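What follows is each chain in one-letter form.
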Amino acid sequence: MLPVDLPDAVRDALLAPLVDHHCHGVRRDDLSRAQFELLISESRTPAPPGTTHFDTPLGAAIRRWCAPVLDLEPHVAPAVYLGRRQELGAGEVNRRLLQASGIVAFLVDTGLEAPELLSTAEMGRHGGAAADEIVRLEQIEQDIAETAPVAVDYMDSLGEELAARAARAVGLKSIIAYRCGLDFDPSRPSRGSVIAAANRRLSDPRERLVDPILLRHLLWTAVDVARDRALPIQFHTGYGDTDLDLSRADPAQMTGFIRALQPLGVPVVLLHCYPFHRQAAYLSAVFPHVYVDVGLALTHTAGGSARILDELLELVPFHKQLFSSDCYGVAEGCHLGAVYFRRGMAAALARRIDSGEWNAADAARVAHMAGSGNARRVYRL
């Protein structure tokens with residue numbers, strides 16, 4: 001699997017079990033080709049007529065690295081791959097791919113829960129691994145908005161429900177990048193402004209939350225809970241689907257908020273980051289409570305992900321880098337995240353060893369920290 005020769009200690013560290021600190025459930029049902037193709041593209045729309053989402057870096061990677069896990073030759077045609085998927089059935093496909101990833105713990109964002117997705121516990125069982133929950137803030141707010149009768153109840157219930165869910169979780173997560181961008185006012189909103197905004201919100205609670213005042217209130221309520229329970233807060237940054245305005249997803253735009261959290265000691269975990277991974281590396285280098293990964297970029301850039309990991313290592317403190325697959329819908333994302341993390345780190349570490357910049361012990365230590373050690377410490381696993 002690894003593309004370069006490495007000292008045994010480094011190879012062993014790279015092939016050791018991983019902690020996937022950010023992923024989602026995968027589909028439990030058998031998928032048609034159209035359904036599968038939608039799940040391997042962030043566009044969320046079918047490929048243009050006469051084309052296919054298999055003609056992408058991710059599509060090619062599935063045919064190269066996932067096909068052998070399903071007892072096929074590398075690079076088989078998409079129709080052959082999908083036929084084998086149907087033959088084995090979703091349960092067997094999920095078990096094979098999740099277990100082939102070599103992941104020993106899944107931290108599952110439950111904000112996209114649906115009957116067709118494996119639950120947190122099922123992800124663990126199918127993958128032969130431990131599994132814990134990451135609570136998505138915006139989903140909690142949606143539930144409260146649809147049940148709270150008045151603004152004061154909304155505010156009280158939000159804090160109570162976040163605290164209750166956090167007691168069973170290992171971290172919190174926000175997708176504020178999707179809702180109003182990361183260039184939000186970092187200050188805690190006043191109680192009066194929150195009550196006024198909540199009254200507007202409760203007049204149409206089924207709409208998704210986009211009000212900047214209530215999003216800031218949600219974040220600061222979560223900060224209070226995270227501080228009390230010593231939990232990290234994850235933030236989606238960078239690459240995502242069409243709901244995202246990429247220009248407002250640069251993590252550098254939330255520097256003011258990151259600075260405000262520093263004295264509180266709440267860990268901030270920047271997810272995905274690409275193409276802003278160098279900005280994220282900078283933030284992790286100058287703020288003691290900031291951590292980074294390039295999760296979603298690993299699968300969607302596939303063979304190009306080695307360069308991204310190498311660029312992240314230009315500046316990121318080695319105790320600040322984490323691994324995630326961000327798999328969603330199809331277990332192929334989990335397996336490929338692990339494949340490209342290991343291959344990309346192998347190439348980056350080999351260059352540093354060959355140049356004499358690092359020795360084998362340095363490289364093995366970095367591989368272990370990024371693959372599992374840092375996540376175990378940050379999430380207290």
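Cut-offs applied
Residues numbered from 1 in each chain as written. Predicted model: local features only at pLDDT ≥ 70, side-chain atom pairs only at ≥ 80, totals over all residues. Heavy atoms only, no water. Helix = DSSP H or I, 4+ residues; strand = E, 2+ residues; numbered from the N terminus. Rg over C-alpha atoms; globule rule 2.2 N^0.38 Å. Buried < 20%, exposed > 50% of the residue type's maximum accessible area, 1.4 Å probe, protein only. Contact = heavy atoms within 4.5 Å. Areas by Shrake-Rupley, 256 points an atom, 1.4 Å probe, with all protein chains shown as cover. Lys, Arg positive; Asp, Glu negative; His and termini not counted. Charge placed at Lys NZ, Arg CZ, Asp CG, Glu CD. 1 Å grid on protein atoms, 1.4 Å probe; cavity = no way out; pocket = protein on both sides within 12 Å on 5 of 7 lines; lining within 4 Å. Points joined across faces, edges and corners; volume = space filled by probe spheres on them. Nonpolar A, V, L, I, M, F, W, Y, C, P; charged D, E, K, R; others polar. Pairing = 2+ DSSP bridges. Axes fitted to C-alpha atoms, helices over the stretch in contact; angles between N-to-C directions. Polar contact = N/O pair within 3.5 Å; in protein donor to acceptor, adjacent residues only side chain to side chain. Patch = residues over 30% accessible without salt bridge, like charges linked within 9 Å, V, L, I, M, F, W, Y side chains within 5 Å. Salt bridge = Lys/Arg side-chain N within 4 Å of Asp/Glu carboxyl O. Phe/Tyr/Trp six-rings, centres within 6.5 Å; stacked < 30°, edge-to-face > 60°.

S.K.: Can you walk me through the overall build of the protein chain in this structure?
M.R.: If you tally the helices and strands in the protein chain, you get 17 helices and 7 strands. The globule rule puts the C-alpha radius of gyration for 381 residues at 21 Å, and the 21 Å found for the protein chain is close to it. Overall, the C-alpha framework of the protein chain stretches about 60 × 50 × 35 Å when taken along its three principal axes. Going through the 381 residues of the protein chain one by one, you find that 59% of them count as buried. Here the analysis covers contacts within the protein chain between residues at least 6 apart in sequence; of these, 75% occur between residues at least 24 apart. Here the protein chain displays about 14,700 Å² of accessible surface, and carbon together with sulfur accounts for 51% of that area. The distance from the centre of the 39 positive side-chain charges to the centre of the 47 negative ones in the protein chain is 2 Å.

S.K.: Explain the layout of surface pockets to me, please; I cannot follow it from the model alone.
M.R.: To find leftover empty space, a probe the size of one water molecule is rolled over the atoms. Taken as a whole, the largest pocket spans an internal volume of roughly 590 Å³. Around the largest pocket sit 33 residues that line it, and R44, L112, R136, Y178 and D241 are the ones nearest its centre. For the lining of the largest pocket, the elements supplying multiple residues, two or more each, are α3 (57–66), α7 (137–145), α9 (176–179), α14 (295–301) and α16 (332–354). A class-by-class count of the residues in the lining of the largest pocket yields 11 nonpolar, 11 polar and 11 charged.

S.K.: Quick question: what am I supposed to make of the sheet that holds strand β5 (residues 233–237) here?
M.R.: Picture the strands of a sheet paired through backbone hydrogen bonds; they go either parallel or antiparallel. Here we have 7 strands laid out as an open sheet, ordered β1-β2-β3-β4-β5-β6-β7, and parallel in their pairing. With one partner strand each, in any of the chains shown, β1 (18–23) and β7 (290–292) form the two edges of the open sheet. Each neighbouring strand pair of the sheet contributes to a mean axis angle of 25°, computed without reference to strand direction. Running over the sheet, α16 touches β1 and β2 (103–109) and is turned about 125° from β1.

S.K.: I would appreciate a short explanation of empty space enclosed by the protein in the present structure.
M.R.: Inspection of the entire model under this criterion finds 1 cavity of 30 Å³ or more. Taken as a whole, the largest cavity holds about 30 Å³ of empty space. Looking at the largest cavity, the residues that line it are A13, A16, P17, L18, A367, H368, G371 and S372. Per element, the largest residue contribution to the lining of the largest cavity is 4 residues, and it comes from helix α17 (residues 360–378).

S.K.: Sorry, what's going on with the side chain of H21 here?
M.R.: Mapping H21 onto the fold places it in strand β1. We classify H21 as buried; its relative accessible area is 0%. Within the structure, the side chain of H21 is placed 2.8 Å from the side chain of D293, a separation counted as a polar contact. Contact partners of H21, with chain neighbours within four places excluded, come to L107, I134, Q234, V269, L271, D293, L322, F323, S324, A375 and Y379.

S.K.: Would you mind showing me how to read the pairing of strand β4 (residues 171–174) here?
M.R.: On a regular strand, each side chain points to the face opposite its neighbour's, so the side chains alternate between the two faces of the sheet. Side chains G171 and K173 project from β4 onto one buried face, and the interleaved L172 and S174 project onto a second face that is buried too. Judged from the 3 bridges that link them, β4 and β5 form a sheet pairing that is parallel. Looking at β5, one finds that L172 is bridged to I233.

S.K.: Before we go on, may I ask you to explain a nonpolar patch on the surface in this structure?
M.R.: Taken together, the side chains of Y282, V286 and L315 define a hydrophobic patch exposed on the protein surface, amounting to about 280 Å² of accessible area. Summarising the element assignment, Y282 is placed in helix α13 (residues 277–286).

S.K.: Would you take a moment to explain unusual backbone geometry for this structure?
M.R.: Residues apart from glycine generally show negative phi values, whereas peptide bonds are mostly found in trans. With an omega of 5°, the peptide bond between Y274 and P275 qualifies as cis. In this fold, P275 is placed in the loop between β6 (268–272) and α13. At H75, a residue that is not glycine, the phi angle is positive and equals roughly 70°. Tracing the chain through its elements places H75 in the loop between α3 and α4 (78–88).

S.K.: What's the story with the packing of aromatic side chains in this structure? I'm lost.
M.R.: For any pair of aromatic rings, the description consists of the separation of the ring centres together with the inter-plane angle of the planes. This model, assessed by the stated rule, comprises 7 aromatic pairs. Look at F235 and F257: their rings are 5.9 Å apart centre to centre, the planes differ by 70°, and that puts the pair in the edge-to-face class. In this pair, F235 sits in strand β5 while F257 sits in helix α12 (residues 255–261), placing the two residues 22 residues apart along the sequence. For F235, a relative accessible area of 0% gives the class buried. Considering the side-chain rings of F318 and W358, the 5.0 Å spacing of their centres and the 75° angle between planes classify their relative orientation as edge-to-face. On the criterion of sequence distance, the pair formed by F318 in the loop between α15 (305–312) and α16 and W358 in the loop between α16 and α17 is long-range, its members being 40 residues apart. Looking at W358, the relative accessible area reads 13%, which means it is buried.

S.K.: Would you mind going over the side chain of E133 with me for this structure?
M.R.: Tracing the backbone shows E133 in strand β3 (residues 130–136). Within the structure, the side chain of E133 is placed 2.5 Å from the side chain of R165, a separation counted as a polar contact.

S.K.: Sorry if this is basic, but what is going on with the pattern of salt bridges here?
M.R.: Working definition: two side chains of opposite charge can pair if their charged atoms are close together. Going through the model one piece at a time under the given rule, you end up with 26 salt bridges. A salt bridge links D71 to R96; its shortest N-O distance comes to 2.6 Å. Highlighted residues: D71 in the loop between α3 and α4 and R96 in helix α5 (residues 90–100), separated in sequence by 25 residues. Relative accessible area serves as the criterion here: at 21%, R96 is assigned to the partly exposed category. As a salt-bridge pair, R84 and E87 come within 3.3 Å of each other at their nearest N and O atoms.

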